[in-house]
Amino acid sequence: MLPRLLTSLSSSLGRSQAVLELKWMQRAIDCSSSNLSLDEMVSRRASGEPLQYILGTQPFGPLNLLTRPPVLIPRPETEHWVIRLAELISPTSQKPVSLLDLGTGSGCIPLLLCHLWPPGSVKAHAVDISPHALHLAQDNAALCGISSHSDNEKKPQNTFSTLEANFLAEDFAKIVANFNPSFDIITSNPPYISWNEYLELPPSVLNFEDPKALFGGPSGLDFYHAIARLVSSKDILKPNATVALEVGHDQASVVENILRKTRRFRLTEIWSDPWGKQRTVIARM
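What you see as residue numbers is a count from 1 along each chain, following the sequence as written. Given that the model is predicted, a residue must reach a pLDDT of at least 70 before its local features are reported, and side-chain atom pairs must reach 80 or more before they are shown or counted; all residues, however, enter totals for whole chains, interfaces and linings. Only hydrogens and water are removed before side-chain values are computed, so all heavy atoms of the structure are retained for them.

## Description of the nonpolar core
Where a protein is soluble and globular, its nonpolar side chains tend to be buried together. We apply this condition: Residues belong to a common nonpolar core when they are buried Ala, Val, Leu, Ile, Met, Phe, Trp, Tyr or Cys residues joined through side-chain atoms within 4.5 Å. To sort residues, take the accessible area from a 1.4 Å probe on protein chains only and compare it with the maximum for the residue type: under 20% means buried, over 50% means exposed, and anything in between is partly exposed. Put simply, DSSP marks the helices as runs of H or I at least four residues long and the strands as runs of E at least two long, and each gets a number from the N terminus on. The contact criterion used throughout is that any non-hydrogen atoms of two residues lie within 4.5 Å.
Within the largest apolar cluster, 39 residues are counted, with the highest numbers of intra-cluster contacts made by Leu 102, Ile 186 and Leu 237. Among the secondary structure elements, those contributing two or more residues to this core are β3 (97-102), α8 (172-179), β6 (183-188), α11 (222-232), β7 (237-246), α12 (252-260) and β9 (278-284). Per-element tally for this core: the top contributor is α11, with seven residues. Residue contacts for Ile 186: discarding those within four places in its chain leaves Leu 100, Leu 102, Leu 230, Val 231, Leu 237, Thr 242, Val 243 and Ala 244. Counting 28 residues, the second largest nonpolar core, distinct from the first, contains Ala 86, Trp 117, Ala 137 and Ile 185.

As structure tokens, then:
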């Protein structure tokens, strides 16, 4: 059976990648983390479906998060800057921070920060327009042992809560202020694919992942302008707040200028990912 399955996968992935993925599929079956047969897995993968949806999980830092279509699959470049952000900011239970993650998807960004920072040091709030994404984020929070509220005042805990909302909405600042009045940190990996780039995405992305999590408007910048409107709102950012935004491969300078024009920040910088792409814009008050 294996030679047949290997041949089936090799035609679309190449032999070396097919060998690796067959091992991962078999491991998932052996560990009882999947109720699919190997034939079913290979058939779905050969049709172009992302492996992460088939296996149902994706490593993200030390976490192993649940993945379900059509919610965006966490990427290694996102993992890289989130870990770096966790090292840049050092909250404690005595000096906790409030965090807002916009377009949270699987919840990967705030949940990794909740995991990396000490207990009781962060209250994370996550926003998404998709109920599918928020349900997955809540399931991931439960998997990671992160509650929506602190159950025991004597034992510090990081918390994670969610809100279904559209942060492109003109009244979003009022909506989020009712959710939580102000934040020390705003993070986002927003939709940033332009129309031309969207049409050129590989089928494994275009045919399976949620377009609303990918398409950022004709220029790919719609959500960054919305974030700039939000941070311009009075009192939404606490003193010394930090904003961290993932960007597309050619958007860093433009997004940095969008944030600078708000006149809210004393410092902006651009972080590159491990592959040399300018990947994250950091702005600090």
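## Focus on helix α2 (residues 15-30)
Convention followed: Helix span is expected to be 1.5 Å times the residue number reduced by one. Within this analysis, the arc is defined by the directions that extend from the helix axis to the C-beta atoms.
Between its terminal C-alpha atoms α2 stretches 22 Å, which fits the 22 Å expected from 16 residues at 1.5 Å a residue. Of the residues making up α2, those classed as buried are Ala 18, Glu 21, Leu 22, Met 25 and Ala 28. Here the buried residues of α2 occupy an arc of 125 degrees about the axis, which is enough to place them on one side. In this structure, α2 carries Ser 16, Lys 23, Arg 27 and Asp 30 as exposed residues pointing more than 90 degrees from its buried face. Following α2 by one or two positions, Ser 32 adopts a phi angle in the positive range, close to 60 degrees.

## Quick word on the environment of Ile 227
For Ile 227, the position within the fold is in helix α11. Considering only alpha carbons, one finds Ile 227 and Arg 27, 200 residues apart in sequence, at a separation of 42 Å. Here Ile 227 is in contact with Leu 102, Phe 167, Ser 188 and Leu 245, once residues within four sequence places are set aside.

## Quick word on the UniProt feature "domain: Release factor glutamine methyltransferase N-terminal" (unreviewed entry) in the protein
Threshold: UniProt positions are given in the numbering used here, feature names are shortened, and annotations may be inferred rather than shown by experiment.
Following the UniProt record, one finds the feature "domain: Release factor glutamine methyltransferase N-terminal" (unreviewed entry) at residues 38-56. Annotated as residues 38-56, this span is 74% helix and 0% strand, and its ends, taken at the C-alpha atoms, are 14 Å apart.

## So, the packing of helix α5 (residues 76-88) against helix α6 (residues 108-116)
In plain terms, the rule: Fitted lines through C-alpha atoms give the axes, limited to the stretch in contact for helices. The angle between two N-to-C directions lies from 0 to 180 degrees. For classification purposes, an angle smaller than 35 degrees is called roughly parallel, one larger than 145 roughly antiparallel, one from 65 to 115 roughly perpendicular, and anything else oblique. Here a crossing is called left-handed whenever its near helix is offset anticlockwise from the far helix by less than a right angle, and right-handed whenever the offset is clockwise. Just so you know the grouping, Ala, Val, Leu, Ile, Met, Phe, Trp, Tyr, Cys and Pro go in nonpolar, Asp, Glu, Lys and Arg go in charged, and all remaining residues, Gly too, go in polar.
Direction vectors running N to C along α5 and α6 enclose 40 degrees, while the axes themselves pass 10 Å from each other. Considered as vectors, α5 and α6 are oriented oblique to each other. Crossing geometry of α5 relative to α6 is assigned as right-handed. Within the contact between the two elements, α5 uses Thr 78, Glu 79, Trp 81, Val 82, Ile 83, Leu 85 and Ala 86 and α6 uses Ile 109, Leu 112, Leu 113 and Leu 116. For the contact of α5 with α6, the class distribution of residues is nine nonpolar, one polar and one charged.

## A closer look at the environment of Val 243
In this fold, Val 243 is placed in strand β7. The spatial distance from the C-alpha of Val 243 to the C-alpha of Phe 160 is 18 Å, given a sequence separation of 83 residues. Not counting the four nearest positions on each side in its chain, Val 243 is found in contact with Ile 186, Val 231, Leu 237, Phe 265, Val 281, Ile 282 and Ala 283.

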